[in-house]
Amino acid sequence: METTSGAVAQAPAAEGGQQVPSARRTVDGYLQAPFPWYGLDEAFTGPRWLMQVGTSADGAVEHGSIGHGDEPSVKNEAGSTSEPKEKFAVVVTVAANPSRRSADGTGLLEATSVSSAAWLAGVGLLSFTWPGQMDHSLRDDWLDQQTETAWVLADDLEGPDWSTLSLPVDGVPTPFHYRESEFGWVLAGSTQEGVHLGAYGRGMSAYGLGFAMIKDISAYA
């Protein structure tokens, strides 16, 4: 799936591992999307917040993320017991687009799929992860390697690294591909509303989650 470079990092990190608050908080991009946005259903009563949208090469909004729970910062001491782990879940909505020509007719945009949602969710989880004992200068190399691994895993949803999990989407039981890692969990599936869903989280169990269409995304502004 072809997206702008800024779309990959769901919430960029600043020096010292702190999240940049200005990277989100705007609803403008979400309002430009020609597809519905999804978040956790009403059973989740905690905080909800906007993250970022991603666009295709021709500027069309293709995907975006909604956060739930604690706002995560980059963890540079994975597994450390010196501080409580944040509990969050992020829902990624991806437009279900076929392969098509770009708006200027000069190129071909790749089709989106459940694998697209799985990859975006996997990379999103990585953006809040930094293994303990790793030198700051090595994180970019580690992130590149793990991003490639996330793509390989997303491209093989029927492989042994994934299991199947049924969760409600707009009240309808829906199958999802699900995997866990030392950094958190990732899942991906499709809806009846023409979008694919990805999700990732840490500290919140995926097994009790449900998803629902957001009726008014402007309420998140």
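Residues numbered from 1 in each chain as written. Predicted model: local features only at pLDDT ≥ 70, side-chain atom pairs only at ≥ 80, totals over all residues. Heavy atoms only, no water.

J.: Quick rundown of the overall build of the protein? Include the residues and the values.
T.: Scanning the protein for helices and strands turns up three helices and 11 strands. Each helix and strand of the protein, placed in order from N terminus to C terminus, yields the pattern α-β-β-β-β-β-β-α-α-β-β-β-β-β. In the structure as shown, the protein presents an accessible area of about 10600 Å², 50% of it carried by carbon and sulfur atoms. (Helix = DSSP H or I, 4+ residues; strand = E, 2+ residues; numbered from the N terminus. Areas by Shrake-Rupley, 256 points an atom, 1.4 Å probe, with all protein chains shown as cover.)

J.: Account for the pairing of strand β7 (residues 163-169), naming residues and giving values.
T.: A regular strand places its side chains on the two faces of the sheet in alternate fashion. Of the strand pairs in this sheet, β7 and strand β8 (residues 172-181) are connected by seven bridges, and their pairing is antiparallel. Each residue of the ladder has a partner; that of Leu 167, found in β8, is Thr 174. In textbook terms, the turn of a hairpin is the stretch between consecutive antiparallel strands, and for β7 and β8 this stretch comprises two residues, one of which, Asp 170, has a positive phi near 55°. (Pairing = 2+ DSSP bridges.)

J.: Requested: an account of the packing of helix α2 (residues 114-126) against helix α3 (residues 139-154), with residues and values cited.
T.: Contact pair α2 / α3: the axes reach a minimum separation of 9 Å and the direction vectors enclose 155°. As the angle between them shows, α2 and α3 are arranged roughly antiparallel. Handedness of the crossing formed by α2 with α3: right-handed. Every residue of α3 that contacts α2 at Ser 115, Ala 118, Trp 119, Gly 122, Val 123 and Leu 126 is listed here: Arg 139, Trp 142, Leu 143, Gln 146, Thr 147, Ala 150, Trp 151 and Ala 154. (Axes fitted to C-alpha atoms, helices over the stretch in contact; angles between N-to-C directions. Parallel < 35°, antiparallel > 145°, perpendicular 65-115°, else oblique. Left-handed = near helix turned anticlockwise from the far one by under 90°. Contact = heavy atoms within 4.5 Å.)

J.: Could you give an account of the environment of Trp 142, naming the residues involved and the relevant values?
T.: Within the element layout of this structure, Trp 142 appears in helix α3. In the structure, Trp 142 is positioned 16 residues away from Leu 126 in sequence and 9.9 Å away in space, judged by C-alpha atoms.

J.: Before we move on, could you go through α3 and cite the residues and values that matter?
T.: Compared with an ideal rise of 1.5 Å per residue, which puts 16 residues at 22 Å, α3 spans 22 Å between its outermost C-alpha atoms and is within 8% of the ideal. Considered for burial, the residues of α3 that qualify are Arg 139, Trp 142, Thr 147, Ala 150, Leu 153 and Ala 154. Taken end-on, α3 shows its buried residues confined to a sector of 135°, consistent with a single buried face. Every exposed residue of α3 that faces more than 90 degrees away from the buried side is listed here: Asp 141, Asp 144 and Gln 145. Those residues of α3 that are buried lie in contact with α2 and β8. (Expected span 1.5 Å × (residues − 1). Buried < 20%, exposed > 50% of the residue type's maximum accessible area, 1.4 Å probe, protein only. Arc of directions from axis to C-beta.)

J.: A description of unusual backbone geometry should follow, citing residues and the corresponding values.
T.: Unlike most non-glycine residues, Asp 170 shows phi in positive territory, near 55°. Take Asp 170: its relative accessible area is 37%, and that puts it in the partly exposed class.

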